[in-house]
Amino acid sequence: MSDTLATQSTDTGTPEADAIAPVDGADASSGNFDDVMLAMDVVDTLRHRERVLDKELSAEAREQALVERLKEIYKNQGIEVPDRILRDGVKALEEKRFVYEPPENTFSVRLARLYIARDRWLKPFAIIFGLAAFGAASYQFAYEAPRQARIEAERVEIGETLPQSLSAARDAALNAAETPAARAAIETVYQDGAAALETANAGGARSAIAELAAMEDVLAKELTVRVISRPGEMSGVFRVHDDDPSIRNYYLIVEAVDARGRVQALRIASEEDQSAKRVSAWGVRVPEGVFNRVAADKRDDQIIQNAVVGSKLRGALTPDYAIETAGGAILEW
């Protein structure tokens, strides 16, 4: 800072006692406003004139030397400053009365600074918070809510709907069954469905319910089993054993039809891989003599005159054959 200071001017022609009111050295706020300003200016002058401080602070008559030096500085600027004001300024400098000392960086202070700077961080924070809220709402609406709904629906289905449907399907099928074999088959399918429910396998339970419904449908029908005799379709096949080519198994390819001639699917077990499927045609194993007799019937005019070989009675699941059979069947040929 230069020696020429920007201060409020005072009327140097006014007597000292009239120009400046007494100032309490311990409290600048108790004096006249001009005195306070002068005291602050004195402190500012001392603070910025480091050469004066470096030279004079070590002198024995430190305060008096500083006062005299300050009087000379202000006199050179044409400003009359009373000694008491100069001494008050020196004292204020020592007490750091007009020096700002930042508060300790406590938690409360950090919160206050954060609040003061809210114009810098509040808007970005609001944007980020809004985006986060929108994302959370979108996630809840588009994914979480449907997921929870699916979980609840599956819980109700596994715990209530499917068990009730499975029991109802078994009861309906049993009411239509009239043979021990049919009842045993129904119970087997029901147990498969119950086991699926125990492992929360809804798909397995649905399959069991569908199978029981199909059984009920079949049980209610009377069907005729006949050898297939349509152009382009096989009426019989034979299998040759891999271990002994001289051994052959003969099969008639048959189907089950209702009174109106509509083909109906039956659940047939294969003797080749022990699997059971619902099929509209299968091969029933017969002795070679029966096979040859049917083959000769077809060779005559490409029509099998005696095509009916069995029937499926109401209340039964499997057909009874009117011809001699070997007790086995195949599902592929």
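That block above? That's the structure.
Note that the structure is a prediction, hence the values are computed from the model and not measured.

Colleague: Any details on a nonpolar patch on the surface? Residues and values, ideally.
Modeller: Nonpolar side chains collect at one region of the surface, where Phe107, Leu111, Leu114, Trp121, Leu122, Phe125 and Phe129 lie side by side and expose about 710 Å² of accessible area between them. If you list the elements that add at least two residues to the nonpolar patch, you get helix H6 (107–116) and helix H7 (118–176). Considering every element that reaches the nonpolar patch, the biggest residue donor is H7, with 4 residues. By the secondary structure assignment, Phe125 is in helix H7. By relative accessible area, Phe125 is classed as partly exposed at 47%.

Colleague: Any chance you could break down the layout of surface pockets for me, citing the residues and the numbers?
Modeller: Its boundaries defined by the atoms lining it, the largest pocket holds a volume of some 690 Å³. Lining the largest pocket are 33 residues, with Arg267, Ile268, Ala269, Leu317 and Thr318 sitting closest to its centre. If you list the elements that add at least two residues to the lining of the largest pocket, you get helix H8 (180–198), helix H9 (202–219), strand E5 (266–269), strand E6 (276–279), strand E7 (282–286) and strand E9 (320–321). The class makeup of the residues in the lining of the largest pocket is 18 nonpolar, 9 polar and 6 charged.

Colleague: Just give me the short version of H8, but keep the residues and values in it.
Modeller: Taking 1.5 Å of rise per residue, 19 residues should cover 27 Å, and H8 covers 27 Å from first to last C-alpha, within 8% of that figure. Looking only at H8, the buried set comprises Ala182, Ile186, Val189, Tyr190, Gly193, Ala196 and Leu197. The buried residues of H8 all sit within an arc of 115° when viewed along its axis, so they share a single face. Looking at H8, the residues exposed on the side facing more than 90 degrees away from the buried face are Pro180, Ala181, Asp192 and Glu198. On its buried side, H8 packs onto H7 and H9. One or two steps after H8, the chain reaches Ala200, where phi turns positive at roughly 60°.

Colleague: Let's hear about H7: which residues, and what values?
Modeller: Glu157 marks where H7 bends most, by close to 50°. Residues of H7 that are buried include every one of Glu144, Glu157, Ile158, Leu162, Leu166, Ala169, Arg170, Ala173 and Ala176, and no others. Buried residues along H7 sit against H8 and H9.

Colleague: Outline the pattern of salt bridges, listing residues and values.
Modeller: One pass over the structure, following the stated rule, counts 12 salt bridges. When the shortest N-O distance is used, the salt bridge between Lys221 and Asp217 registers 3.0 Å. Here Arg262 and Asp258 are joined by a salt bridge, their closest N and O atoms 2.8 Å apart. Judged by its relative accessible area of 12%, Asp258 is buried. Overlapping salt bridges bring together Arg226, Arg230, Glu233 and Glu255 as one network.

Colleague: Tell me about the environment of Gln274, residues and numbers included.
Modeller: Mapped onto the fold, Gln274 is located in the loop between E5 and E6. According to the relative accessible area criterion, Gln274 is exposed, its value standing at 64%. For the pair Gln274 and Ala329, spaced 55 residues apart in sequence, the C-alpha to C-alpha distance is 9.8 Å. Of note is the side chain of Gln274, whose polar atom sits 3.1 Å from the backbone oxygen of Glu271.

Reading the values: rules and limits
Residues numbered from 1 in each chain as written. Predicted model: local features only at pLDDT ≥ 70, side-chain atom pairs only at ≥ 80, totals over all residues. Heavy atoms only, no water. Patch = residues over 30% accessible without salt bridge, like charges linked within 9 Å, V, L, I, M, F, W, Y side chains within 5 Å. Areas by Shrake-Rupley, 256 points an atom, 1.4 Å probe, with all protein chains shown as cover. Salt bridge = Lys/Arg side-chain N within 4 Å of Asp/Glu carboxyl O. Helix = DSSP H or I, 4+ residues; strand = E, 2+ residues; numbered from the N terminus. Buried < 20%, exposed > 50% of the residue type's maximum accessible area, 1.4 Å probe, protein only. 1 Å grid on protein atoms, 1.4 Å probe; cavity = no way out; pocket = protein on both sides within 12 Å on 5 of 7 lines; lining within 4 Å. Points joined across faces, edges and corners; volume = space filled by probe spheres on them. Nonpolar A, V, L, I, M, F, W, Y, C, P; charged D, E, K, R; others polar. Expected span 1.5 Å × (residues − 1). Arc of directions from axis to C-beta. Contact = heavy atoms within 4.5 Å. Bend = angle between axes of the 7 residues up to and from the residue. Polar contact = N/O pair within 3.5 Å; in protein donor to acceptor, adjacent residues only side chain to side chain.

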